Amino acid sequence: MHHILMHASTISREASMLYRAHPFHWVPAAGLRHASTDRRPDAALAYPTGTSVSPLCRQRLSADNSELAWLWSTCRDCDAEAHRIARTLHTPATERSK
């Protein structure tokens, strides 16, 4: 049992070293879900409704943190840029420099 716990601990530590949080957050605004790198208020898990945000699609919008807003479609420009950022973060530096 001790061996299993040590192995699980090693896997967990290795996984946390591989995982990097994305530098953007999703925010519903103007009828779509956008991605933004704007800093969220301290300890907030989401941008409060009415918060002015600059999403990756380069618009200036007000957040809508209502329940239904999270079901809106995703902004295509934000989605494309978020995927580009995520690929860059998860591509080894040696491959990015090619």
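Each value, and the rule that gives it
Residues numbered from 1 in each chain as written. Predicted model: local features only at pLDDT ≥ 70, side-chain atom pairs only at ≥ 80, totals over all residues. Heavy atoms only, no water. Salt bridge = Lys/Arg side-chain N within 4 Å of Asp/Glu carboxyl O. Helix = DSSP H or I, 4+ residues; strand = E, 2+ residues; numbered from the N terminus. Buried < 20%, exposed > 50% of the residue type's maximum accessible area, 1.4 Å probe, protein only. pLDDT = per-residue confidence, 0-100. Contact = heavy atoms within 4.5 Å.

Undergrad: What's the story with the pattern of salt bridges in this structure? I'm lost.
TA: Between side chains of opposite charge, a pair can form when the charged atoms approach closely. Enumeration over the complete set of coordinates arrives at two salt bridges. Between Arg 39 and Asp 42 there is a salt bridge, and its shortest N-O distance comes to 2.7 Å. Its salt-bridge partner being Glu 81, residue Arg 84 comes within 2.7 Å of it at the nearest N-O pair. Taken together, the positions of Arg 84 and Glu 81, both in helix α2 (residues 76-89) and three residues apart, correspond to about one turn of that helix. Relative accessible area serves as the criterion here: at 24%, Glu 81 is assigned to the partly exposed category.

Undergrad: Can you help me understand the confidence of the model for the chain in this one?
TA: Close inspection of predicted coordinates is inappropriate in any region flagged by low pLDDT. For the chain, mean pLDDT is 82; residues scoring 70 or higher make up 71% of the total. Across the chain, element-level confidence peaks in strand β4 (residues 61-62) with a mean pLDDT of 98 and bottoms out in helix α1 (residues 2-18) with 47. Low confidence marks residues 2-13, where pLDDT is under 50. Its contacts with residues over four positions away, or in another chain, come to zero contacts.

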